[in-house]
Amino acid sequence: MNDMSPNPVSPPAIASADALHPKERRSHRFAWIGMAASILLFGASLVVLWHIVSEIDTNELKAAFTAASFRQIGLAVLFTAVSYGLLTCYDAIALRQLKLHIPYRTTALASFTSYAVSFTLGFPLLTAGTVRYWIYASKGVSGARVASLTVIAGVTFWLGMALVLSWSMIRQADDVASLVYTSIWLNQFVGLSAGIFVVGYLVWVSIKRRMVKIQGWKLELPGFRLSIAQILIGAVDVCAGAGVLFVLLPGGHNISFETFVAVYIFAVMLGVASHAPGGLGVFEATILLALSSYPREPVLGALLLYRLCYYLVPFVVALALLGAYEIRNRMKISRDAFKPDEEEALAE
């Protein structure tokens, strides 16, 4: 049984700790840092959740629910589920690239909770990486592998977004120009540049294995086949996320989905650049500016419902899952700790 009393460490224990290889000592230190960061992150999540709930205007929320039909809310929930379901594929692709065999239930838990938390708190490399380490470390995945997984998942997101942006900006350049106050040729240039980036990346990873070095550790990027899967999954995910807000918009806006998804991507990119949690404020301002020719109150109501469906509800579910996961682990550790004592008692 583990001794949790503050007794001094015995000399043999000190010698054993000193005998550890430098890499092992660094690994132990990283484990303690990861544990501390996980606890701090969970506490920060609860604080942010409290602020989000306290700032919701109940009257606006009631008005938004009243204006939105059951069909709209049902479709928004469906698209949210599709988007988060596809997000689990981000981790699955990364794990395959890293040649790690993790049960899908663990992958789904790590992926869903990491994205639900990082979408709300912002700073995805830090927050998503911390949640992933919290879960994957119990399966023997090192911190460096978790960092690599987070980077590969991020590449999936940006490749998918670039593909959708290219498609919508080229096909709907004139409609987008009327919404975001740009010129048609500029929109076509942006779309063409995004398309060239995607094609260029595919060619680049197809020629030979590509390694990137980030702060001392190397990461091999996925090859052509996995990159194609990344792009397609990322593209469908972006469309599903945009679909959540699109179906909640009031009727009569006469905006095609292809046009709206370009505006949505711009809003997401500006939100990411701002480092605001979930792009809060920046995302809404961009959407409101693009849809300024439409009544403000219904659009605000749609944005509020979007935040509720795509951010707040998954965030609450993620916190509940992480809490249940930690409680389950603690109970398992306790059972394992008492098992030797039980066996000794039976032997006597």
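Residues numbered from 1 in each chain as written. Predicted model: local features only at pLDDT ≥ 70, side-chain atom pairs only at ≥ 80, totals over all residues. Heavy atoms only, no water.

Chemist: What should I look at first to understand the overall build of the chain in this one?
Modeler: Tallying secondary structure elements over the chain gives 13 helices and 2 strands in all. Per-residue burial over the chain gives 42% buried out of 348 residues. Across the chain, every contact between residues at least 6 apart in sequence was considered, and the portion connecting residues at least 24 apart equals 70%. Total accessible area computed for the chain in this model is approximately 19200 Å², and 68% of it derives from carbon and sulfur atoms. (Helix = DSSP H or I, 4+ residues; strand = E, 2+ residues; numbered from the N terminus. Buried < 20%, exposed > 50% of the residue type's maximum accessible area, 1.4 Å probe, protein only. Contact = heavy atoms within 4.5 Å. Areas by Shrake-Rupley, 256 points an atom, 1.4 Å probe, with all protein chains shown as cover.)

Chemist: I'm lost on the nonpolar core in this one. Help?
Modeler: Generally speaking, a soluble globular protein has its nonpolar side chains buried in company with each other. Core analysis: the largest hydrophobic core is formed by 85 residues, its most contacted members being Tyr 136, Leu 245, Phe 260, Phe 283, Ile 287 and Tyr 306. Here this core takes 15 residues from helix H13 (residues 296-347), the largest share from any one element. If sequence neighbours within four positions are ignored, Tyr 306 has contacts with Gly 241, Val 244, Leu 245, Leu 248, Tyr 264, Phe 283 and Tyr 311. (Core = buried A, V, L, I, M, F, W, Y, C linked by side-chain atoms within 4.5 Å.)

Chemist: Where do I start with the packing of helix H10 (residues 224-248) against helix H11 (residues 257-274) in this structure?
Modeler: The angle between the axes and the distance between the axes are what describe a pair of packed helices. For the pair H10 and H11, the least separation of the axes is 10 Å and the interaxial angle reads 100 degrees. Comparing their axes, H11 and H10 come out roughly perpendicular. Every residue of H11 that contacts H10 at Val 238, Cys 239, Gly 241, Ala 242, Gly 243, Leu 245 and Phe 246 is listed here: Phe 257, Phe 260, Val 261, Tyr 264 and Ile 265. For the contact of H10 with H11, the per-class residue count stands at 10 nonpolar, 2 polar and no charged. (Axes fitted to C-alpha atoms, helices over the stretch in contact; angles between N-to-C directions. Parallel < 35°, antiparallel > 145°, perpendicular 65-115°, else oblique. Nonpolar A, V, L, I, M, F, W, Y, C, P; charged D, E, K, R; others polar.)

Chemist: Got a minute to help me understand the packing of aromatic side chains in this structure?
Modeler: Working definition: an aromatic ring pair is given by the centre-to-centre distance plus the angle between the planes. Summed over all chains, the structure comprises 18 aromatic pairs. With a centroid separation of 5.4 Å and an interplanar angle of 80 degrees, the aromatic rings of Phe 246 and Phe 257 are classed as edge-to-face. With Phe 246 in helix H10 and Phe 257 in helix H11, this residue pair connects regions lying 11 residues apart in the sequence. Ring centres of Tyr 264 and Tyr 306 lie 6.3 Å apart, and the angle between their planes is 90 degrees; on these two criteria the pair is classed as edge-to-face. Here the residue Tyr 264 occupies a position in helix H11, and Tyr 306 occupies one in helix H13, the gap between them amounting to 42 residues. With a relative accessible area of 5%, Tyr 264 lands in the buried category. Residue placement shows Arg 132 over the ring face of Tyr 115; its charged tip is 5.0 Å from the ring centre. The ring of Tyr 311 has Arg 307 sitting right over it, with the charged end atom 4.5 Å from the ring centre. (Phe/Tyr/Trp six-rings, centres within 6.5 Å; stacked < 30°, edge-to-face > 60°. Lys NZ or Arg CZ within 6 Å of the ring centre and 35° of its normal.)

Chemist: Help me out: how do you make sense of the side chain of Thr 113 in this one?
Modeler: Looking at the secondary structure, you find Thr 113 in helix H5 (residues 104-121). Engagement of the side chain of Thr 113 in a polar contact is seen with the backbone oxygen of Leu 109, the distance being 2.5 Å. In contact with Thr 113, not counting residues within four places along its chain, are Val 131, Ile 135, Ala 318, Leu 321 and Leu 322. (Polar contact = N/O pair within 3.5 Å; in protein donor to acceptor, adjacent residues only side chain to side chain.)

Chemist: Just to check I follow, could you spell out a nonpolar patch on the surface for this structure?
Modeler: Where nonpolar side chains cluster on the molecular surface, the patch consists of Leu 163, Phe 224, Ile 228 and Leu 232 and spans about 330 Å² of accessible area. It is H10 that contributes the most residues to the nonpolar patch, 3 residues altogether. According to the relative accessible area criterion, Leu 163 is partly exposed, its value standing at 32%. (Patch = residues over 30% accessible without salt bridge, like charges linked within 9 Å, V, L, I, M, F, W, Y side chains within 5 Å. Salt bridge = Lys/Arg side-chain N within 4 Å of Asp/Glu carboxyl O.)

Chemist: Would you explain the confidence of the model for the chain in this entry?
Modeler: Predicted coordinates in areas of low pLDDT are best not read in detail. Of all residues in the chain, 77% have pLDDT values of 70 or greater, and the mean over the chain is 81. Within the chain, helix H1 (residues 11-18) has the poorest average pLDDT of any element, 41, and H10 the best, 95. Contacts from residues 1-21, a stretch scored under 50 in pLDDT, to residues over four places away or in other chains number 8 contacts. (pLDDT = per-residue confidence, 0-100.)

Chemist: When you look at the environment of Pro 222 in this model, what are you seeing that I'm missing?
Modeler: Mapped onto the elements of the fold, Pro 222 is located in the loop between strand S2 (217-220) and H10. When the C-alpha atoms of Pro 222 and Ile 152 are compared, they prove to be 8.1 Å apart, with 70 residues separating the residues in sequence. Those residues within four positions of Pro 222 in sequence are excluded, and the remaining contacts are Gln 97, Ile 152, Tyr 201, Val 205, Ser 227 and Gln 230.

Chemist: What is the right way to read helix H4 (residues 70-97) from this model?
Modeler: Residue pairs three or four apart in sequence face the same way in an α-helix, which turns once every 3.6 residues. With 28 residues, H4 extends 41 Å between its outermost C-alpha atoms, agreeing within 8% with the 40 Å of an ideal straight helix rising 1.5 Å per residue. Two residues or fewer past H4, Lys 99 is found with a positive phi of approximately 60 degrees. (Expected span 1.5 Å × (residues − 1).)

Chemist: Got a minute to help me understand unusual backbone geometry in this structure?
Modeler: Non-glycine residue Lys 99 carries a positive phi angle of around 60 degrees. Take Lys 99: it is sitting in the loop between H4 and H5. Look at Tyr 181: it is not a glycine, yet its phi comes out positive at around 60 degrees. Its location among the elements puts Tyr 181 in the loop between helix H8 (173-180) and helix H9 (184-207). Owing to a relative accessible area of 54%, Tyr 181 belongs among the exposed residues under this scheme.

Chemist: Sorry, what's going on with the pattern of salt bridges here?
Modeler: Opposite charge on two side chains lets them pair, provided their charged atoms get close. One pass over the structure, following the stated rule, counts 4 salt bridges. The partner of Asp 91 in a salt bridge is Arg 132, with the nearest N and O atoms 2.8 Å apart. One end of the pair, Asp 91, is in helix H4; the other, Arg 132, is in helix H6 (residues 124-136), and 41 residues separate them in sequence. Given the relative accessible area of 0%, Asp 91 is considered buried. For Glu 258, the salt bridge goes to Arg 171, with nearest N and O atoms at 2.6 Å. Here Glu 258 is found in helix H11, whereas its partner Arg 171 is found in helix H7 (residues 143-171), with 87 residues between them in sequence.

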